Structure formats: C-alpha cells, structure tokens
Amino acid sequence: MADWGPVLIGVILFVLLTPGLLFQMPGHNRLVDFGGMKTNGKAIAVHTLIFFTLYAILIVAVHVHIYTG
C-alpha cells in the first residue's frame, strides 16, 4: 500500500502557499497583500518557513496518512 498523505499535503500546501497567489507576506505595500500575483525574496523566504512548519506539523505530529491499494 502506498502512503499518499505526504504527497497530497505537500502539493496542497505548495499551491496554497505560493507567494502572490492567495496572499503574500510581507507584501510590497502592506504587511499582507492579497492576490497581487507579484513576489519578492522576503515573501519567498517567509512562505518557505510557513510551508515547512505546516508540513512538519501535519506529517510528523498529526500523522496524516492516506493509503491506497
């Protein structure tokens, strides 16, 4: 049986936390910009840390597993 939990969680978080898609923190004009579709280096670093933190919590602490087969 394949464990698809980490793959699906990673893809979903990657799409949702893409800087500029839904929100960007820090933004160009404010602390948080919504739907700007523009990014900068600081936003990429912040979103990377948020991604890693949420991914680690969901996979290691909560034990999200989705088995197929």
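Structure first, text after, so check above.
What you see is a predicted model, and the numbers here were worked out from it, not measured in a lab. (Residues numbered from 1 in each chain as written. Predicted model: local features only at pLDDT ≥ 70, side-chain atom pairs only at ≥ 80, totals over all residues. Heavy atoms only, no water.)

Undergrad: For a nonpolar patch on the surface, give the residues involved together with the corresponding values.
TA: On the surface, Trp-4, Val-7, Leu-8, Val-11, Ile-12, Phe-14, Val-15, Leu-16, Leu-21, Leu-22, Met-37 and Ile-66 cluster together into a nonpolar patch covering about 1,100 Å² of accessible area. If you trace the backbone, Leu-16 turns up in helix α1 (residues 5-16). Assessed through its relative accessible area of 40%, Leu-16 is described here as partly exposed. (Patch = residues over 30% accessible without salt bridge, like charges linked within 9 Å, V, L, I, M, F, W, Y side chains within 5 Å. Areas by Shrake-Rupley, 256 points an atom, 1.4 Å probe, with all protein chains shown as cover. Salt bridge = Lys/Arg side-chain N within 4 Å of Asp/Glu carboxyl O. Helix = DSSP H or I, 4+ residues; strand = E, 2+ residues; numbered from the N terminus. Buried < 20%, exposed > 50% of the residue type's maximum accessible area, 1.4 Å probe, protein only.)

Undergrad: Lay out the pattern of salt bridges in plain terms, naming residues and giving numbers.
TA: The final tally for this structure, using the stated rule, is one salt bridge. Here Asp-33 ties to Arg-30 by a salt bridge, and the two come within 3.7 Å at their closest N and O atoms. Overall, Asp-33 belongs to the buried group, its relative accessible area being 11%. For Arg-30, a relative accessible area of 56% translates into the label exposed.

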